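# Examination of the molecular architecture
Each chain, letter by letter, is given below.
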Amino acid sequence: MSEEKNATQELREKLMNEPKGAKGLTAEEFAAADAFCEGYKTFLNASPVEREAVKYSVDAAEKAGFVPYDPEKEYKAGDRVYLVNRDKAIALAVIGKNGVKNGARLAIAHIDSPRIDLKPNPLYEANNLALFKTHYYGGLKKYQWTAIPLTLHGVIVKLDGTRVDVCWGDKENESCFCVTDLLPHLAKEQVTKPMAKAFTGEDLNVLAGSRPYADAEDEKELVKLNVMAILNEKYGITEGDFLSAELCLVPSFKAKDIGFDRSMIGGYGHDDKVCAYPALMAALDAEDVDSTCITYLTDKEEIGSDGNTGMQSDFLRYFIYDLAKQDGVEGYRALSKSTCLSADVNAAFDPTYSSAFEAKNSCFINGGVVISKYTGHGGKYDTSDASAEYMGAVRGMLEKNNIQWQIGELGRVDLGGGGTIAKYVANMNVDVIDLGVPVLSMHAPFEIVSKTDVFMAYRAFYEFFMQ
């Protein structure tokens, strides 16, 4: 019986697809994942908005020997360059021995996350309180953004063209901001409404102050005046300067280890910085590559990838065209031979909300990096669907390098859905597939990921570049 059982086990291992999850990892791999994620937590804390993520990436790239890209300069194998798009997106390239003649290898992530933006005329006073009017950015559950501490980030450009960087609430003992909510005692009507109507976009008003200006001679909007006096003293701005500003509020939570075993990380903006950081580090660590490798960190994915810093802009296309011109090939030919890992997250199976998932085709925390062959909704609408050939190539790369991976769909077929930048890359005639990290509580102010999954994402991007 023992020999027969062993034969059955061998046959099962040969024929069946049974991912081992974290049980298949060694102590050394756990230690490597933990060490890698210390750097990731630093990145996450330093980069709540895209401008700060770009700044962090530039600093890290220059330390790793990258220099600003000059389209008039000739580059050779091993050169390392970066190109910034309006301070909100960045491409980093390691020039390969074959340049882009046989195509480039692309890892593309986005560095924007759901948040609350200030309206152009945000500041007002009501009943002796100063508040900001806001417009939410991306897909979020509005009620999750009430009664939590928020910090203010962004830039203000004054009439003379001077740009002022704003970051208020991140320092120790620095004040923060908050959206109020209604107490349960008075919320009987509110809690009987559907979730989408119980709290509206116009209800996301942010507390900015409550003390009146002390030296005023009249009684008109003294709390608002006091807030403007404070902002003028710190940043040299007037109320009109809000009209040429990009200011947003994000959770003031810092990244924290989750669980008694410290196996997970909770924080704001895992979607999609949990893929952006591994893709960034893969580019910084890649050396002696055959094909030019490009990590592109883009903006505006959460609102459709439109605009000149989003994936639908021609910025990346033109960058590759310039590289192709140096190699003596047409840009469209270089693109057509390129391959891409769309570095984006997927929703991890949550046993508390199991009815939203189809378990056999879901991804799981600690299951490794997740491949999403397609995204979209309602019958694969609004997606690219990776070919079997490219899916097979990526599978082979992961298996060859012993990288833990899994497959994943975004929930039950008719329940909803979502998209990534993959479809815009596919429109450039590039082979592309989504590969990223499973996330619990996606799009919440505090999301959760597994440390081993983050590390497997880094290994996947690195080995993809080094092929």
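My aim in this report is to walk through the structure given alongside it, one point at a time.

The rules behind the values
- Residues numbered from 1 in each chain as written.
- Predicted model: local features only at pLDDT ≥ 70, side-chain atom pairs only at ≥ 80, totals over all residues.
- Heavy atoms only, no water.
- Helix = DSSP H or I, 4+ residues; strand = E, 2+ residues; numbered from the N terminus.
- Buried < 20%, exposed > 50% of the residue type's maximum accessible area, 1.4 Å probe, protein only.
- Pairing = 2+ DSSP bridges.
- Core = buried A, V, L, I, M, F, W, Y, C linked by side-chain atoms within 4.5 Å.
- Contact = heavy atoms within 4.5 Å.
- Salt bridge = Lys/Arg side-chain N within 4 Å of Asp/Glu carboxyl O.
- Axes fitted to C-alpha atoms, helices over the stretch in contact; angles between N-to-C directions.
- Parallel < 35°, antiparallel > 145°, perpendicular 65-115°, else oblique.
- Nonpolar A, V, L, I, M, F, W, Y, C, P; charged D, E, K, R; others polar.
- Phe/Tyr/Trp six-rings, centres within 6.5 Å; stacked < 30°, edge-to-face > 60°.
- Left-handed = near helix turned anticlockwise from the far one by under 90°.

### Points about unusual backbone geometry
For the bond from Asp271 to Asp272, the omega torsion is 15°, close enough to zero to count as cis. You can see Asp272 is positioned in helix α7 (residues 270-285).

### Some points on the pairing of strand β23 (residues 447-450)
The two faces of β23 match: Glu447 and Val449 on one face and Ile448 and Ser450 on the other face are all buried. Inspection of the sheet shows strand β13 (residues 264-267) paired to β23 by four bridges, in the antiparallel sense. Residue pairing for β23: Gly266 is matched across the bridge by Ile448.

### Some details on the nonpolar core
Judged by nonpolar contacts, the single largest core of 63 residues is most densely connected at Leu398, Leu435 and Phe461. Considering every element that reaches this core, the biggest residue donor is α7, with ten residues. Beyond its immediate stretch of four places on either side in the chain, Phe461 contacts Ala107, Cys275, Pro278, Ala279, Ala282, Leu341, Ala343 and Leu435. Among the nonpolar cores identified, the runner-up in size contains 33 residues, and Ile116, Ala130, Trp145 and Phe242 belong to it.

### Description of the pairing of strand β10 (residues 206-209)
Taken together, the three bridges between strand β6 (residues 129-137) and β10 define a ladder with antiparallel strand orientation. Bridge pairing in β10 places Phe132 opposite Val206.

### Here's the deal with the pattern of salt bridges
Applying the stated criterion to the full structure yields 23 salt bridges. For Asp165, the salt bridge identified is with Arg163, shortest N-O distance 3.3 Å. Salt bridges linked by common partners bring Glu38, Lys41, Asp257, Arg262 and Lys451 together as one network.

### A look at the packing of helix α2 (residues 27-46) against helix α12 (residues 451-466)
Taken N-terminus to C-terminus, the directions of α2 and α12 make an angle of 85°; their axes are 8 Å apart at the nearest point. Regarding the angle of α2 to α12, the classification is roughly perpendicular. Note on element contacts: α12 touches α2 through Lys451, Thr452, Val454, Phe455, Met456 and Tyr458, opposite Glu29, Phe30, Ala32, Ala33, Asp34, Phe36, Cys37 and Tyr40. Tallied by class, residues from the contact of α2 with α12 come to ten nonpolar, one polar and three charged.

### So, the sheet that holds strand β15 (residues 339-342)
Pairing is mixed across the open sheet formed by nine strands, whose spatial order is β1-β2-β3-β14-β4-β15-β21-β17-β19. Because the sheet does not close on itself, it has two edges, and the strands there are β1 (67-68) and β19 (405-407). As judged from the six bridges shared by strand β2 (residues 80-85) and strand β3 (residues 89-94), these two strands associate in the antiparallel manner. When the bridges of β3 are listed, Val84 appears paired with Ile90.

### Here's the deal with the side chain of Gln190
Checked against the element boundaries, Gln190 lands in helix α4 (residues 188-191). Beyond its immediate stretch of four places on either side in the chain, Gln190 contacts Asp181, Leu182, Ala198 and Phe199.

### Some details on the packing of aromatic side chains
Counted under the stated rule, the structure contains 18 aromatic pairs. Between Tyr40 and Tyr277, the ring centres sit 5.8 Å apart and the planes meet at 45°, which makes this aromatic pair tilted. Taken together, the positions of Tyr40 in helix α2 and Tyr277 in helix α7 put the pair 237 residues apart, joining distant regions of the chain. Neither residue differs from the other here; Tyr40 and Tyr277 are each classed as buried. An angle of 40° between the planes, with centres 6.1 Å apart, marks the rings of Phe464 and Phe465 as tilted.

### Looking at the environment of Asp241
The residue Asp241 is located in the loop between α6 (222-235) and β11 (245-251) in this model. The buried category is assigned to Asp241, whose relative accessible area is 7%. Counting along the chain gives 112 residues from Asp241 to Tyr353, while the straight-line C-alpha distance between them is 45 Å. Among all residues touching Asp241, those that are not within four sequence positions of it are Ile156, Val157, Lys158, Leu159 and Gly236.

### Topic: the packing of α7 against α12
Remark: α7 packs on α12, axes separated minimally by 8 Å, with the N-to-C direction vectors making an angle of 40°. With respect to their mutual orientation, α7 and α12 come out oblique. When you trace α7 past α12, the crossing you get is right-handed. Contacts between α7 and α12 involve Val274, Cys275, Pro278, Ala279, Met281, Ala282, Ala283 and Asp285 from the first element and Val454, Ala457, Tyr458, Phe461, Tyr462 and Phe465 from the second. Class assignment for the residues of the contact of α7 with α12 results in 13 nonpolar, no polar and one charged.

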